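Architecture at a glance
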Amino acid sequence: AGPGLKVISTMSVGFDHLALDEIKKRGIRVGYTPDVLTDATAELSVALLLAACRRLPEAVEQVKNGGWTTWKPLWMCGYGLSDSTVGIIGLGRIGQAVARRLKPFGVRRFLYTGSGPKPESAAEFEAEFVPLTKLAEESDFVVVTCALTPATQGMCNKDFFSRMKKTSVFVNTSRGAVVNQEDLYDALAHGQIAAAGLDVTTPEPLPTDHPLLSLKNCVVLPHVGSATYATRSTMAVLAADNLLAGLRGDPMPHELLL
């Protein structure tokens with residue numbers, strides 16, 4: 001766009017795709033769309049968690065390929081949320097919305113980690129702030145809802161997965177780069193953890209021959225966290241309003257303060 005570029009408006013809550021240092025240097029204003037996609041992304045996070053822990057895609061496949069025969073006591077068994085411990089990495093807007101939806105499932109205990117404790121946010125769920133290692137060791141379900149930053153990049157790696165229980169389920173609806181995918185593949189393939197659900201990957205789209213897609217215990221979605229008609233419509237309008245306000249030199253409805 002050259003020196004004429006004055007305003008950038010992104011139809012997303014994430015901004016890791018923007019060259020923020022260069023944008024700041026040039027004094028370009030940035031609009032984004034937080035808040036409006038919180039509920040849709042939280043709903044999808046819960047759906048993905050249930051799909052992974054109750055093996056839903058695998059079960060659908062069994063119906064289609066004739067694997068469903070007589071009743072067998074342990075066939076297609078998975079793991080339930082009742083009386084479980086859920087660890088949330090990043091108790092921001094989306095993390096809180098996920099916890100709010102999971103609480104009625106009978107979750108016994110919530111753990112969370114992040115850049116620091118958030119006692120006001122955590123109070124609603126009686127969530128305990130713990131180091132990442134403790135969250136990995138004690139959670140039955142791990143849900144990643146943090147932003148991608150230099151501190152969180154590759155945070156869920158070999159060491160992290162090796163600390164998780166063999167029966168635990170890992171879900172990521174934040175950004176793909178928070179996870180070391182090779183380490184996740186190894187953990188899933190060798191039974192180090194029970195299952196994973198990913199709405200985000202590196203790269204996107206994920207190549208169809210990627211090793212993760214060969215695993216029965218890994219559910220991968222095409223980054224559809226905010227994909228409800230109502231949410232995408234609201235995001236589009238907000239992105240347009242941000243852009244127009246920026247061009248007029250007015251305050252944006254949602255400006256990213258750099």
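The name that an unreviewed UniProt entry assigns to the chain is Glyoxylate reductase/hydroxypyruvate reductase, with the source organism given as Zapornia atra. In UniProt, the chain has this text filed under Sequence similarities (unreviewed entry): "Belongs to the D-isomer specific 2-hydroxyacid dehydrogenase family."

**Considerations on the UniProt feature "domain: D-isomer specific 2-hydroxyacid dehydrogenase catalytic" (unreviewed entry) in the chain**
Those places that UniProt annotates as "domain: D-isomer specific 2-hydroxyacid dehydrogenase catalytic" (unreviewed entry) correspond, in this numbering, to residues 3-255. Summarising residues 3-255: 36% helix, 13% strand, and an end-to-end C-alpha distance of 21 Å.

**Structural notes on the nonpolar core**
Leu49, Leu81, Val86, Leu102, Phe110, Phe141 and Val169 are the most contacted members of the largest nonpolar core, which totals 30 residues. Counting residues per element, the ones that place at least two in this core are helix H2 (38-53), strand E3 (85-89), helix H4 (93-102), strand E4 (109-113), strand E6 (141-144) and strand E7 (169-172). With near-sequence residues (within four places) excluded, Phe141 lies in contact with Leu49, Cys53, Tyr79, Gly80, Leu81, Ser84, Thr85, Val86, Gly87 and Val169. Residues Val142, Cys146, Cys156 and Val178 belong to the second largest nonpolar core, which totals 25 residues.

**A word on the pattern of salt bridges**
This model, assessed by the stated rule, comprises 16 salt bridges. Across the pair Arg29 and Glu255 runs a salt bridge, and its minimum N-O distance is 2.9 Å. Pair noted here: Arg29 is in strand E2 (residues 29-31) and Glu255 is in strand E10 (residues 255-256), with a separation of 226 residues, a long-range link. In this structure Arg29 comes out as partly exposed when scored by relative accessible area, which is 21%. Sharing partners across several salt bridges, the network here consists of Arg109, Glu128, Lys134 and Glu138.

**Concerning the sheet that holds strand E8 (residues 195-198)**
The seven strands lie next to each other as E5-E4-E3-E6-E7-E8-E9, forming an open sheet whose pairing is parallel. Of all the strands in the sheet, the pair left with one neighbour each is strand E5 (128-129) and strand E9 (218-220). Pairing between E8 and E9: three bridges, direction parallel. Bridging from a neighbouring strand, Leu198 pairs with Val220 of E9.

**Describing the sheet that holds strand E1 (residues 7-9)**
Spatially, the three strands line up as an open sheet ordered E1-E2-E10, and their pairing is mixed. The open sheet is flanked by E1 and E10, the only strands paired with a single partner. Across two bridges, the pairing between E2 and E10 is antiparallel. In the strand pairing of E10, Gly31 is matched with Glu255.

**Some points on the pairing of E7**
Put simply, side chains in a regular strand alternate between the two faces of the sheet. Of the two faces of E7, the one lined by Val169 and Val171 and the one lined by Phe170 and Asn172 are each fully buried. Handedness of the E6-helix H7 (residues 158-163)-E7 crossover: right-handed. With four bridges joining them, E7 and E8 adopt parallel strand pairing. Residue pairing across strands places Val171 opposite Gly197, the latter belonging to E8. Handedness of the crossover is the feature at issue here: the chain leaves E7, passes through helix H8 (residues 181-189), returns alongside E8, and the resulting connection is right-handed.

Cut-offs used in this document
Residues numbered from 1 in each chain as written. Predicted model: local features only at pLDDT ≥ 70, side-chain atom pairs only at ≥ 80, totals over all residues. Heavy atoms only, no water. UniProt positions renumbered as here; feature names shortened; annotations may be inferred. Helix = DSSP H or I, 4+ residues; strand = E, 2+ residues; numbered from the N terminus. Core = buried A, V, L, I, M, F, W, Y, C linked by side-chain atoms within 4.5 Å. Buried < 20%, exposed > 50% of the residue type's maximum accessible area, 1.4 Å probe, protein only. Contact = heavy atoms within 4.5 Å. Salt bridge = Lys/Arg side-chain N within 4 Å of Asp/Glu carboxyl O. Pairing = 2+ DSSP bridges. Right-handed = clockwise from strand over helix to strand, strands pointing away.

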